[in-house]
Amino acid sequence: MFCLWRYLRRRRNGGGGQTHPQTTGQPSRPLHSRVDVNIAYIKKAFGPSEDLVIREIEFPGRKMVLVYVETLVDRDVVQRDILRSLMALQALPLPGDEAGFYRLLCTRLAIGDLREERLVAKVIDGLLDGKAALMVEGSGRCLLLGIEGWEKRPVEEPVNEVSVRGPREGFAENLATNISLIRRRLRTPELRFETLDLGRRTHTKVAICYLEGLALPGVLEEVRRRLQRFDIDGILESGYLEELIEDAPFSPMPQLNRTERPDKLVADLLEGKVGILTDGTPFALILPGSLVSQLQAPDDYYERWPLSMGIRLFRYFGLFISLMLPSFYVALTSFHHEMIPTPLAIAIAAQREPVPYPAVVETIIMQILFEVLIEAGIRLPRAIGTTISIVGALVIGEAAVRAGLMSATMIIVIAATAIASFTVPNFSLGQAVRMLRLPMIFLAGTLGLLGIFAGLTALLIHLVSLRNFGQPYLSPLAPFIWEEQKDLIERVPWWAMHRRPRLLGRLNLKRIKPGLRPSTTSRERKPGEELETSLENDYSKKGKKRKGWLKK
């Protein structure tokens, strides 16, 4: 472990090898005036590719070549819009100068996305993005036509973030689709998208989305700086970005929020946060992240506020049980028998009498078996994964108790811990809690309750010291912000949440107009005015008929 630490420190300090600039691997030379020379450059870059299509079109006195990758474009658009438009140009008088000819092409081509390029590398990158290159003999430039048309998954319901009430749309693997889902919910010109190409080989498109005037400029600048310093072969999923931009890489806690729900990302953007969308994955990153935000679910804001308070209480209680229940069982049965009621202590001792090893070993074995069952249920096909997990748990638990290898109380403790762990809405946080459970069990088996308190103290110190893009990880608990307690364990009604979070939305704290508390009066009440006083004043003005209606 010490050698691994030294190696990672040496790599971080720049002593682990040389860095190479992020290049495309293609010549950055300008386009030649001869079309056959440019085609030779493209063929050399792609090699023997069966899906590279080169179509020559002859004009009176001119020669044009249309190049595209067949598997990345929409063939119907090529046949219907591009080739027909080019064939129709043969019947028109063509201008002799180059600028006039290009102007005629731009006006006659039935394509909305047109871009002019003069470098071979840019043309090759455009072909790999699903564009078509139209080159003219005698010209050192070409037109890139946007005709992308690859296969993509339609918008479906999120799999990992299921909600009882709320939208059923989830992000897809296509970046343009994900941007459109956000645009439909945030119809404001202040919504910004900044696109970057990351990865020397994959050239993955990554979009930074935020609301101008709400997102902090310092956070945006830091996000840009961390993304632009990447020097990696490829970015295949947003998990690559998460590991490369987080503040504390050795922390077991997830520091960035991730979601596959557009409504959740939009809600965070309205609070002043920043989102990162990655092409090829339905999971978006949200930063700055915090522990409190990872314990919140969309249902908390779609259901009525009194119900959300009880749901959140159960969720925090489930997190505590998931982390502490096995270690408390080990500490009480191994060191603190006097804290257990006498009848219960006798029953536990009778059940553990045939077990040949101490409680800490029994708990660790059962915990490892439970994690193996969870992993097997995830990797197996969906049709049989759940069945195998349930049957495996029942068979192993019953057989272990009958064979005297495990006690029935231990089976109950592990089952309660497993059920409580599923109340955590964030999968990354649930995994972190599952991994922290093992060291807590070890500390409870060696030092009892003192070891548990020592582990909790160390974990609390670590959480308090964490920062995520300059924001405290335990905000609004540490530092304690009184106004933001309205959306912590309980959620006050929407008409009472007047301000955005102070640390993130301080550029524009006003969220909702004060005084929107519902009432039965016809006039708008002033902020702080009681409902009874308002009703009394209103009825006195309406006369006896209004008072008679009130009595009914």
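Caption draft 1: View of the pattern of salt bridges. In the structure shown here, the tally under the stated rule is 34 salt bridges. With a closest N to O distance of 3.8 Å, D129 and K205 form a salt bridge. Taken together, the residues D129 in the loop between α5 (120–128) and β4 (131–136) and K205 in strand β7 (residues 204–211) connect sequence positions 76 residues apart. Since its relative accessible area comes to 27%, K205 is described here as partly exposed. Its salt-bridge partner being K264, residue E161 comes within 3.5 Å of it at the nearest N-O pair. Of this pair, E161 sits in the loop between β5 (142–146) and α6 (175–185) while K264 sits in helix α9 (residues 262–269), and the two are 103 residues apart along the sequence. On the accessibility criterion, K264 (18% relative accessible area) is buried. Sharing partners across several salt bridges, the network here consists of E222, R225, R226 and D247.

Caption draft 2: Highlighting helix α14 (residues 359–379). Given a rise of 1.5 Å per residue, 21 residues ought to cover 30 Å, and the 30 Å separating the end C-alpha atoms of α14 matches this to within 8%. For α14, the full list of buried residues reads A359, V360, E362, T363, M366, Q367, F370, E371 and I374. Buried residues of α14 fall within an arc of 165° about the axis and therefore sit on the same side.

Caption draft 3: Structural view of the sheet that holds strand β2 (residues 62–69). Read from one edge of the open sheet, five strands run β1-β2-β4-β5-β3, paired in antiparallel fashion. Edge positions in the open sheet fall to β1 (52–59) and β3 (114–117), since each of these has one partner strand only. Strand-to-strand twist in this sheet, taken as the mean axis angle between neighbours without regard to direction, amounts to 25°. Contacts from helix α2 (residues 35–46) reach β1, β2 and β4, with the element oriented near 15° to β2.

Caption draft 4: Highlighting the nonpolar core. Within the largest apolar cluster, 35 residues are counted, with the highest numbers of intra-cluster contacts made by M253, L291, L323, I452 and L463. For this core, the secondary structure elements donating two or more residues are α12 (305–334), α14, α16 (408–421), α17 (427–447) and α18 (449–465). No other element matches the seven residues that α17 contributes to this core. Not counting the four nearest positions on each side in its chain, L323 is found in contact with V433, L436, R437, M440, L456 and L459. In terms of nonpolar packing, the next biggest core, distinct from the first, is built from 25 residues, V53, I57, Y68 and L145 among them.

Caption draft 5: Structural context of the packing of aromatic side chains. Going through the model one piece at a time under the given rule, you end up with two aromatic pairs. Relative to W482, the ring of F480 has its centre 6.4 Å away and its plane inclined at 40°; by these criteria the two rings are tilted. In this structure F480 comes out as exposed when scored by relative accessible area, which is 52%. Over the ring of Y41 we find R29; its NZ or CZ atom is 4.5 Å from the centre of that ring. One residue, R226, lies across the ring of F469, its end atom 4.2 Å from the ring centre.

How each quantity is defined
- Residues numbered from 1 in each chain as written.
- Predicted model: local features only at pLDDT ≥ 70, side-chain atom pairs only at ≥ 80, totals over all residues.
- Heavy atoms only, no water.
- Salt bridge = Lys/Arg side-chain N within 4 Å of Asp/Glu carboxyl O.
- Helix = DSSP H or I, 4+ residues; strand = E, 2+ residues; numbered from the N terminus.
- Buried < 20%, exposed > 50% of the residue type's maximum accessible area, 1.4 Å probe, protein only.
- Expected span 1.5 Å × (residues − 1).
- Arc of directions from axis to C-beta.
- Pairing = 2+ DSSP bridges.
- Axes fitted to C-alpha atoms, helices over the stretch in contact; angles between N-to-C directions.
- Contact = heavy atoms within 4.5 Å.
- Core = buried A, V, L, I, M, F, W, Y, C linked by side-chain atoms within 4.5 Å.
- Phe/Tyr/Trp six-rings, centres within 6.5 Å; stacked < 30°, edge-to-face > 60°.
- Lys NZ or Arg CZ within 6 Å of the ring centre and 35° of its normal.

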